[in-house]
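What follows is each chain in one-letter form.
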Amino acid sequence: MSVSMLKAPCNAADQLQALAQCRAHVAPRRLPRRRISGVSFSAPPRTPVVAVLDRVAAADGEQSRLAVAGSGSLADRLRMGSLTEDGLSYKERFIVRCYEVGINKTATVETIANLLQEVGCNHAQSVGFSTDGFATTHTMRKLHLIWVTARMHIEIYKYPAWSDVIEIETWCQGEGRIGTRRDWILKDYATGQVIGRATSKWVMMNQDTRRLQKVSDDVRDEFLIYCPRELRLAFPDENNSSLQKIAKLEDPSQYSRLGLVPRRADLDMNQHVNNVTYIGWVLEELLGHPVPHYLICMGSKSMPQEIIDTHELQTITLDYRRECQHDDIVDSLTSSESTEDAKTIPELRGTNGSATATKGQQDCCQFLHLLRLSGEGLEINRGRTEWRKKTAR
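What counts and how
Residues numbered from 1 in each chain as written. Predicted model: local features only at pLDDT ≥ 70, side-chain atom pairs only at ≥ 80, totals over all residues. Heavy atoms only, no water. Helix = DSSP H or I, 4+ residues; strand = E, 2+ residues; numbered from the N terminus. Contact = heavy atoms within 4.5 Å. Areas by Shrake-Rupley, 256 points an atom, 1.4 Å probe, with all protein chains shown as cover. Buried < 20%, exposed > 50% of the residue type's maximum accessible area, 1.4 Å probe, protein only. Pairing = 2+ DSSP bridges. Core = buried A, V, L, I, M, F, W, Y, C linked by side-chain atoms within 4.5 Å. Arc of directions from axis to C-beta. 1 Å grid on protein atoms, 1.4 Å probe; cavity = no way out; pocket = protein on both sides within 12 Å on 5 of 7 lines; lining within 4 Å. Points joined across faces, edges and corners; volume = space filled by probe spheres on them. Nonpolar A, V, L, I, M, F, W, Y, C, P; charged D, E, K, R; others polar. Phe/Tyr/Trp six-rings, centres within 6.5 Å; stacked < 30°, edge-to-face > 60°. Axes fitted to C-alpha atoms, helices over the stretch in contact; angles between N-to-C directions. Parallel < 35°, antiparallel > 145°, perpendicular 65-115°, else oblique. Left-handed = near helix turned anticlockwise from the far one by under 90°.

Visitor: Please set out the overall build of the chain residue by residue, giving values where relevant.
Guide: When you go through the chain residue by residue, the secondary structure sums to eight helices and 14 strands. For the chain, the share of sequence-separated contacts (at least 6 apart) that also reach a separation of at least 24 residues comes to 72%. Here the chain has roughly 20900 Å² of accessible surface; of this, 54% comes from carbon and sulfur atoms.

Visitor: Tell me about the pairing of strand E13 (residues 364–373), and name the residues and values.
Guide: Here E13 lies mainly inside the structure; ten of its ten residues are buried. Of the two faces of E13, the one carrying Cys364, Gln366, Leu368, Leu370 and Arg372 and the one carrying Cys365, Phe367, His369, Leu371 and Leu373 are both buried. Bridge analysis of E13 against strand E14 (residues 379–389) gives nine bridges, and the strand direction is antiparallel. Bridge pairing in E14 places leucine 368 opposite arginine 384. Connecting E13 to the next strand, E14, in antiparallel fashion are five residues, including glycine 375 with a positive phi near 90°.

Visitor: Before we move on, could you go through the nonpolar core and cite the residues and values that matter?
Guide: In terms of nonpolar packing, the biggest core is built from 42 residues, with Ile154 and Ile168 touching the most fellow members. When residues of this core are assigned to their parent elements, the largest contribution, six residues, is made by helix H4 (residues 109–126). Residues in contact with isoleucine 154, not counting those within four places in the same chain, are Ile112, Ala113, Leu116, Arg197, Ala198, Gln314, Thr315 and Ile316. Core analysis: the second largest hydrophobic core is formed by 14 residues, Ala124, Ala135, Met140 and Leu145 among them.

Visitor: Before we move on, could you go through the pairing of strand E4 (residues 90–95) and cite the residues and values that matter?
Guide: Note: strand E3 (residues 81–83) against E4, three bridges, orientation antiparallel. Within the sheet, the bridge partner assigned to leucine 83 lies in E4 and is tyrosine 90. What sits between E3 and E4 in their antiparallel hairpin is a turn of six residues, with glycine 87 showing a positive phi close to 75°. As paired strands, E4 and strand E6 (residues 165–175) are joined by six bridges and run antiparallel to one another. What sits directly across from tyrosine 90, in E6, is threonine 170.

Visitor: If you had to explain helix H6 (residues 217–224) to someone new, which residues and values would you point to?
Guide: Those residues of H6 lying buried are Val219, Arg220 and Phe223. The buried residues of H6 all sit within an arc of 100° when viewed along its axis, so they share a single face. Summarising the geometry of H6, the exposed residues directed more than 90 degrees from the buried face are Asp218 and Asp221. Buried residues along H6 sit in contact with helix H5 (138–142), strand E5 (145–156), E6, strand E7 (179–188) and strand E8 (194–206).

Visitor: So what's going on with empty space enclosed by the protein? Residues and values would help.
Guide: Applying the stated criterion across every chain yields a total of three cavities of 30 Å³ or more. Together, 23 residues line the largest cavity, and Gly120, Phe134, Ala135, Arg182 and Trp202 are the ones closest to its centre. When contributions to the lining of the largest cavity are tallied by element, the ones reaching two or more residues are H4, E5 and E7. In terms of residue class, the lining of the largest cavity is built from 16 nonpolar, five polar and two charged. For the second largest cavity, the calculated volume is near 40 Å³. Considering the residues around the second largest cavity, the lining is formed by Lys91, Glu167, Ile168, Glu169, Ile185 and Lys187. Elements supplying a minimum of two residues to the lining of the second largest cavity: E6 and E7.

Visitor: Explain the packing of aromatic side chains to me, using residue names and the numbers behind them.
Guide: Within the structure shown, the criterion is met by four aromatic pairs. Here phenylalanine 129 and tyrosine 226 contribute two aromatic rings whose centre-to-centre distance is 5.6 Å and whose plane-to-plane angle is 90°, an arrangement assigned as edge-to-face. With phenylalanine 129 in the loop between H4 and H5 and tyrosine 226 in the loop between H6 and strand E10 (255–260), the pair connects residues that are 97 residues apart, well separated along the chain. The exposure class of tyrosine 226 is partly exposed, given its relative accessible area of 25%. Seen from their ring centres, tyrosine 278 and tryptophan 281 are 5.7 Å apart, and the 85° between their planes marks the pair as edge-to-face. Of the two residues, tyrosine 278 and tryptophan 281 both sit in helix H7 (residues 275–282), three residues apart, roughly one turn of that helix. The buried category is assigned to tyrosine 278, whose relative accessible area is 4%.

Visitor: Give me the lowdown on the packing of H4 against H7, citing residues and values where you can.
Guide: Relative orientation of the contacting elements H4 and H7 amounts to 165°, with a least axis distance of 9 Å. Put simply, H4 runs roughly antiparallel to H7. With respect to the hand of their crossing, H4 and H7 are arranged in right-handed fashion. Contacts between H4 and H7 pair Val109, Glu110, Ala113, Asn114 and Gln117 from the former with Asn275, Val276, Ile279 and Gly280 from the latter. Residues belonging to the contact of H4 with H7 are distributed by class as follows: four nonpolar, four polar and one charged.

In short, geometric facts, not functional conclusions.
Below you can see the structure in the form of structure tokens.
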């Protein structure tokens, strides 16, 4: 019996009682037997409780598609996410787990970055793209093409705490002839407050040759139908820091961590080091984590302890310049960046909702970062981080 055909009192308790009374007056009948691949079984009856849950789910417009039995995979029906009404973006809610927070009980920047990646992959899966290579289209799979991150920019205005529920909205769009762009907006689900924004650029790589390749018209046509018709940016201001170029950090650096070795767990489905791992390398020991046993530790910390104790990460921008493999050894270098040398960025207000502080304030500081292949000096990643003074919570 479908949910739409169910006629019972609106109150859930009355509905359960009415259904129970109906069952008491109906003679038992034999269950139909179905056969699949030579195995027969009895179809279980739908209990009144399941019927009520289906009715409740159907009443929620955003989750109504999950009420249809058998629609999508089990993960699709259980995760708290769906396409928006126009089908051009995707929203998902997450509960901050205890293992995703640091010593101050708030989510780490790695947690935020992992959730951005997760909701992006779930968005791609919801529109029918493959999950075996991070949102590869049918043409990309046929030609052995994959997406790789070229740039990631994250701004965090307020870190969610343990057990907080955050909602992340994401969408993608074309980025010239060389790749795509994906943006995110993070909100505190309880208050609706914007607590963070992020944007990224992705380029196409041949999985066999590991060479970059232009986005063909066939691939573009496959994903553009799921993108906003007009340009939509998480950072709409023309002078926002996500566009700021990052100068190369030259030796000697003020702080360093030498001899970082990827673990097997650091590799993603595309067989190279996951982009979130680079964040951990750039911020090595930044959040007070102990040095993992797999590191060949030489040199000092990547960040000064006095900054770690008194400030929190506000913005991180990473430019990915070279692929890192499982047998590479990496050096992480850090130096402070003078606010007079950096481009002045006005305080972002209005529709952007950014809490970025004006440069030059005494409670804000920034650093340049460089990841390179140890011994060879080849640049893997360059980055910039901005830090704000910690406030009492």
